[in-house]
Amino acid sequence: MGRLIAIEGIDGSGKGTQTALLEEYLRGRGLPVRKISFPNYESESSAPLRMYLGGQISPDPGAVGAYAASSFFAVDRYISFKQDWERDYREGKILLADRYVTSNITHQMTKLPKAEWQNFAGWLCDYEYVRLGMPKPDLVVYLDMHPAVSQKLLLRRYQGDEGKRDIHEGNTEYLTRCREAALYAAKGLHWEVVRCFDEAALTPLPVEDIARQVRALTAAVLG
Ligand SMILES: Nc1ncnc2c1ncn2[C@@H]1O[C@H](COP(=O)(O)OP(=O)(O)O)[C@@H](O)[C@H]1O
Ligand SMILES: Cc1cn([C@H]2C[C@H](O)[C@@H](COP(=O)(O)OP(=O)(O)O)O2)c(=O)[nH]c1=O
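The numbers attached to residues start from 1 for each chain and follow its sequence in the written order. For this description, chains carry letters from A and ligands carry numbers from 1, given in the order in which they are written. For this predicted model, a pLDDT threshold of at least 70 governs which residues receive local features, and a threshold of 80 or more governs which side-chain atom pairs are given and counted, while totals over whole chains, interfaces and linings are taken from all residues. In computing side-chain values, all of the structure's heavy atoms are included and hydrogens and water are not.

Let's shift gears to the confidence of the model for the protein chain. Scored by pLDDT, the protein chain comes out at a mean of 94, with 95% of its residues at no less than 70. Scoring the predicted complex yields pTM 0.94 and, for the interface, ipTM 0.96. Each residue carries a pLDDT value, the predictor's own confidence for that position, ranging from 0 to 100.

Structure, rendered in structure tokens:
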């Protein structure tokens, strides 16, 4: 059986950047590594979640309940697992996931009152890991970026073209709640938190400093 490392964080927190750097590093060490990412936008399986993120179900993410929206993402993930990467995992590859089941916890759980968070996380883990049979990550790294900082980074990524944002990305208040939900989940579910911003200046920390911490956490689980 392979290994699965999930890189989690709010939109624009640096997941794509850090997953690519970790892949390059592990490959450089001769390890069998493969990057996967969710949502799987190229697949038809992502149609419902694309409707959701595009605001076609409702322009307000909160109007599509946590359980409904989580199901869209879970189905997309399950199909990608069966069609694409289950074999690599079973054959022993190290899979690096840019977002995973953990994204449903970070992004969807926040739609519920806090008193229901624990129940939701329990339901989701049972649904995706047990009932659907998706692999559990050996390590979850939460890239903790302040939403005000990630918004600035996203603006750069989209070079000012606001129209490219999905319904989550444009909503700082929503992303602030996502960060809160993620830090709550990190405690209960043993995710590793890597702080990615300077608290006083509200600026991102250097990419290489973050990458070094991600490598150290990875080395600890790969042995
Ligand atoms: N620590 C960092 N410092 C400065 N820019 C960063 C940092 N991490 C990521 N970026 C830039 O911010 C943008 C969003 O990063 P990205 O890795 O695409 O985030 P995500 O995959 O979480 O949405 C990209 O343009 C990326 O080059
Ligand atoms: C994979 C996944 C993503 N999402 C959300 C998180 C993001 O806000 C949105 C789209 O993900 P993504 O395109 O990865 O956003 P970004 O590249 O900006 O980080 O979907 C879930 O709510 N559940 C999930 O299981």
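With that settled, consider the site of ligand 1. Around ligand 1, the surrounding shell holds 13 residues, and the nearest of these are Lys15, Gly16, Thr17, Arg157 and Leu205. Any N or O atom pair separated by 3.5 Å or less is treated as a polar contact, with the protein-specific requirement of one donor-capable and one acceptor-capable atom, and with residues adjacent in sequence counted only for side-chain atom pairs. In the environment of ligand 1, an oxygen atom lies 2.7 Å from a nitrogen or oxygen atom belonging to the side chain of lysine 15. At 2.8 Å, a backbone N or O of leucine 205 approaches a nitrogen atom of ligand 1. Per-residue and other accessible areas were derived by the Shrake-Rupley procedure at a 1.4 Å probe size, with only the shown protein chains allowed to occlude residues. A total of 560 Å² of accessible area belongs to ligand 1 in isolation, and the protein chains cover 76% of it. Think of it this way: any DSSP run of H or I at least four residues long counts as a helix, any run of E at least two long counts as a strand, and we number them from the N terminus. If you list the elements that add at least two residues to the shell around ligand 1, you get helix H1 (15–28), helix H6 (147–157) and helix H8 (207–222). Only heavy atoms are used to decide nearness, and a residue is near a molecule or strand if one of them lies within 4 Å of it.

Here we take up the side chain of arginine 179. Checked against the element boundaries, arginine 179 lands in helix H7 (residues 172–189). Residue class for arginine 179 comes out buried when judged on its relative accessible area of 18%. Excluding residues that lie within four positions of it along the chain, arginine 179 makes contacts with Ile10, Tyr142, Asp144, Met145, His146, Pro147 and Phe197. Using a 1.4 Å probe on the protein chains alone, a residue whose accessible area is under 20% of its type maximum counts as buried, one over 50% counts as exposed, and one in between counts as partly exposed. Contacts are residue-level and defined by heavy atoms, with any inter-residue pair within 4.5 Å sufficient.

Further remarks concern the pairing of strand S1 (residues 3–8). Most of S1 is tucked away: 5 of the 6 residues are buried. Relative to strand S3 (residues 94–98), S1 runs parallel, the two sharing 5 bridges. By the bridge assignment, alanine 6 is partnered in S3 with alanine 97. Pairing between S1 and strand S4 (residues 139–144): 4 bridges, direction parallel. Bridged to isoleucine 5 within S4 is leucine 139. One bridge is not enough; two strands pair if DSSP finds at least two bridges between them.

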